[in-house]
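Listed here are the chains, written in short residue letters.
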Amino acid sequence: QVQLVESGGGLVQAGGSLRLSCAASGRTSSNYFKGWFRQAPGKAREFVAAISWNSDKYYADSVKGRFTISRDNAKNTVYLEMNSLKPEDTAIYYCTADPGVDSRRIMVWEWYTYWGQGTQVTVSS
């Protein structure tokens, strides 16, 4: 079993920055495919970013150039550095992990097995 715990959410003004962290437990999960999704009120869960075990990175068009995903396999932790935040980035951000995700399905949340409880990010205008 893999447990994921997110941290780092909060309230920030537009143009500001936040760094989310997701610590994973489970001795084999350090090399899992990991990602971030978000869900705003009344909207579907949407892909934000993902990173493979060897640090291939994938981003949603809406965050490309503003967000950076990274991982520290020794700490079994994945990060999401969010810069130039916009009010439309407001959502609950969820960390996710899976032993392997087909590159054609990276943006589909149903293909990920393990999920954190989420952390709220609120960007004020």
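Refer to the structure presented above.
These remarks concern the structure in this document. (Residues numbered from 1 in each chain as written. Predicted model: local features only at pLDDT ≥ 70, side-chain atom pairs only at ≥ 80, totals over all residues. Heavy atoms only, no water.)

## Remarks on the side chain of Asn76
So, step 1. For Asn76, the location among the structural elements is in the loop between strand E7 (67-72) and strand E8 (77-82).
So, step 2. For Asn76, a relative accessible area of 9% corresponds to the buried category.
So, step 3. The residues touching Asn76, leaving out its near neighbours within four places in the chain, are Cys22, Ala23, Ala24, Ser25, Gly26, Ser29, Ser30 and Lys34. (Helix = DSSP H or I, 4+ residues; strand = E, 2+ residues; numbered from the N terminus. Buried < 20%, exposed > 50% of the residue type's maximum accessible area, 1.4 Å probe, protein only. Contact = heavy atoms within 4.5 Å.)

## A short note on the state of the cysteines
So, step 1. Overall, the coordinates contain one disulfide when judged by the stated rule.
So, step 2. Each sulfur of the disulfide joining Cys22 and Cys95 lies 2.0 Å from the other. In this structure the cystine formed by Cys22 and Cys95 twists about its S-S bond by roughly -80 degrees; its chirality is therefore left-handed. In this pair, Cys22 is assigned in strand E3 (residues 18-25) and Cys95 in strand E9 (residues 91-98), connecting sequence segments 73 residues apart. There is no split in this pair, since Cys22 and Cys95 are both buried. (Disulfide = S-S within 2.5 Å.)

By themselves these figures say nothing about function.
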